[in-house]
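Here's the letter readout for the chains.
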Amino acid sequence: SEGRSIFRNIRSFLRYLLSSNAGEVLTMFFGVTLATVIGLEVGADAIVAPITATQILWINLLTDTGPALALGVDPPDRRLMLLPPRTQGERVIDGAMRRGIGLVGLTMAIITLLMFDAHRPNGLIEGTGSIEEARTAAFTVLVLAQLFNCFSARSDYASAFGGWSSNRWLLGAVALATALQVFVVHVPFMNDAFSTEPLSPLTWVAAFLLASAVLWVAELRKLLRRRGAAVETI
């Protein structure tokens, strides 16, 4: 059972990091290619990105690291020994896992750019915010979406709500990452360093609700897999 648990944790670790990175890459890609659609200003000599490089660095170094490491020490699941063993040639990242990573990454990009668009004029959703406010809101949605994703990433098949509180390290990492995001958004000297602006309570609520879409999309996919009699191997 120990070997199965280690293999599952490796998959969870990779699933979380790869899907989160896919979300960041797709956010930047669609943000640039659809700049005029979402109300993103385009400079005369350079393309204005929806999220700054320092904000991406903050996500990768501080809000990603803790949850990813916590997934690596997920406690063993008693149900592991009830599942059939993996085949000899099965890859760590199989087809189902790749599809899940792509779906989650695309969902992250969509909701992040929707939040950005909602704060800017001349987009699909008419807003009145500044570029800094729109970036801060989008940045926050992307961070929170990745925190929701860490619960879903524990399995490509089982629901995130089954034993969600069994990993105290993961809960602590999520709480710390959330506190750090509040810190970078609302502390003045961090605003200067990361080009952020304080958000209203209503915007925070909207960010949490929008970010949770990552979890619900993943849960729907898992439900369809279970109803389709898909078999998970460890």
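Residues numbered from 1 in each chain as written. Predicted model: local features only at pLDDT ≥ 70, side-chain atom pairs only at ≥ 80, totals over all residues. Heavy atoms only, no water.

Asks: Hey, could you run me through the packing of aromatic side chains in this one?
Replies: Within a pair of aromatic rings, the relevant descriptors are the distance that separates the centres and the angle that separates the planes. Applying the stated criterion across every chain yields a total of 5 aromatic pairs. With 5.2 Å between their ring centres and 70° between their planes, Phe29 and Phe30 make a pair best called edge-to-face. Residue class for Phe29 comes out partly exposed when judged on its relative accessible area of 49%. Its relative accessible area of 26% is what places Phe30 among the partly exposed residues. Here Trp204 and Phe208 contribute two aromatic rings whose centre-to-centre distance is 6.3 Å and whose plane-to-plane angle is 35°, an arrangement assigned as tilted. Here the residue Trp204 and the residue Phe208 both occupy positions in helix H8 (residues 201-211), the gap between them amounting to 4 residues, near one helical turn. (Phe/Tyr/Trp six-rings, centres within 6.5 Å; stacked < 30°, edge-to-face > 60°. Buried < 20%, exposed > 50% of the residue type's maximum accessible area, 1.4 Å probe, protein only. Helix = DSSP H or I, 4+ residues; strand = E, 2+ residues; numbered from the N terminus.)

Asks: Would you mind showing me how to read the side chain of Arg8 here?
Replies: Structurally, Arg8 can be placed in helix H1 (residues 2-33). Residue Arg8 is classed as buried on the basis of its relative accessible area of 13%. Reaching out from Arg8, the side chain makes a polar contact with the side chain of Asp74 at a distance of 3.4 Å. (Polar contact = N/O pair within 3.5 Å; in protein donor to acceptor, adjacent residues only side chain to side chain.)

Asks: Teacher, can you tell me more about unusual backbone geometry here?
Replies: Working note: non-glycine residues mostly have negative phi, and peptide bonds are mostly trans. Even without a glycine there, the phi angle at Ser195 is positive, about 55°. With respect to the helices and strands, the residue Ser195 is situated in the loop between helix H7 (188-194) and H8.

Asks: Is there a simple way to explain the packing of helix H5 (residues 131-152) against helix H9 (residues 213-227) in this structure?
Replies: Any two packed helices are characterised by the angle at which their axes cross and by the distance between the axes. At their nearest, the axes of H5 and H9 sit 8 Å apart, and the two run at 25° to each other. Compared by their axis directions, H5 and H9 come out roughly parallel. You can see that H5 and H9 cross each other, and the crossing is right-handed. Along the contact surface, H5 presents Ala145, Phe148, Asn149 and Ser152, while H9 presents Val214, Leu215, Ala218 and Lys222. A class-by-class count of the residues in the contact of H5 with H9 yields 5 nonpolar, 2 polar and 1 charged. (Axes fitted to C-alpha atoms, helices over the stretch in contact; angles between N-to-C directions. Parallel < 35°, antiparallel > 145°, perpendicular 65-115°, else oblique. Left-handed = near helix turned anticlockwise from the far one by under 90°. Contact = heavy atoms within 4.5 Å. Nonpolar A, V, L, I, M, F, W, Y, C, P; charged D, E, K, R; others polar.)

Asks: Would you explain a nonpolar patch on the surface in this entry?
Replies: Judged by side-chain polarity, Leu34, Val37, Leu106, Ile110, Leu114, Leu124 and Ile125 come together as a nonpolar surface patch covering roughly 570 Å² of accessible area. The class of Leu106 is partly exposed, set by a relative accessible area of 37%. (Patch = residues over 30% accessible without salt bridge, like charges linked within 9 Å, V, L, I, M, F, W, Y side chains within 5 Å. Areas by Shrake-Rupley, 256 points an atom, 1.4 Å probe, with all protein chains shown as cover. Salt bridge = Lys/Arg side-chain N within 4 Å of Asp/Glu carboxyl O.)

Asks: Would you explain the pattern of salt bridges in this entry?
Replies: Pairing between side chains of opposite charge can happen when the charged atoms of each approach one another. The final tally for this structure, using the stated rule, is 7 salt bridges. Arg8 serves as the salt-bridge partner of Asp74, at 3.4 Å between the closest nitrogen and oxygen. Linking Asp74 in the loop between helix H3 (65-71) and helix H4 (95-118) with Arg8 in helix H1, this pair joins segments that are 66 residues apart in sequence. Judged by relative accessible area, Asp74 falls into the buried class, the value being 3%. Salt-bridge contacts for Arg154 lead to Asp74; the nearest nitrogen and oxygen are separated by 2.9 Å.

Asks: Got a minute to help me understand the nonpolar core in this structure?
Replies: Across soluble globular proteins, nonpolar side chains show a tendency to be buried alongside one another. One finds Cys150, Leu170 and Val184 to be the most contacted residues of the largest nonpolar core, which totals 38 residues. Elements with a contribution of two residues or more to this core: helix H2 (53-63), H3, H4, H5, helix H6 (168-186), H7, H8 and H9. Per element, the largest residue contribution to this core is 10 residues, and it comes from H5. The contact partners of Leu170, leaving out residues within four places of it in the chain, are Pro67, Ala70, Leu71, Cys150, Phe151 and Arg154. (Core = buried A, V, L, I, M, F, W, Y, C linked by side-chain atoms within 4.5 Å.)

Asks: Help me out: how do you make sense of the environment of Gly31 in this one?
Replies: Position of Gly31 relative to the elements: it lies in helix H1. Residue classification places Gly31 among the buried positions, given a relative accessible area of 0%. Each C-alpha atom of the pair Gly31 and Ala49 lies 6.6 Å from the other, and the pair is 18 residues apart in sequence. When near neighbours in sequence (up to four residues on either side) are disregarded, Gly31 contacts Leu26, Ile38, Leu40, Pro50 and Leu113.

Asks: Can you walk me through the packing of H4 against H9 in this structure?
Replies: The N-to-C vectors of H4 and H9 enclose an angle of 150°; their axes lie 9 Å apart at closest approach. Comparing the axis directions of H4 and H9 gives the class roughly antiparallel. Crossing handedness for the pair H4 and H9: right-handed. Along its contact with H4, which presents Ala96, Arg99, Gly100, Leu103, Val104, Thr107, Met108 and Ile111, the element H9 presents Ala213, Val214, Val217, Arg221 and Arg225.

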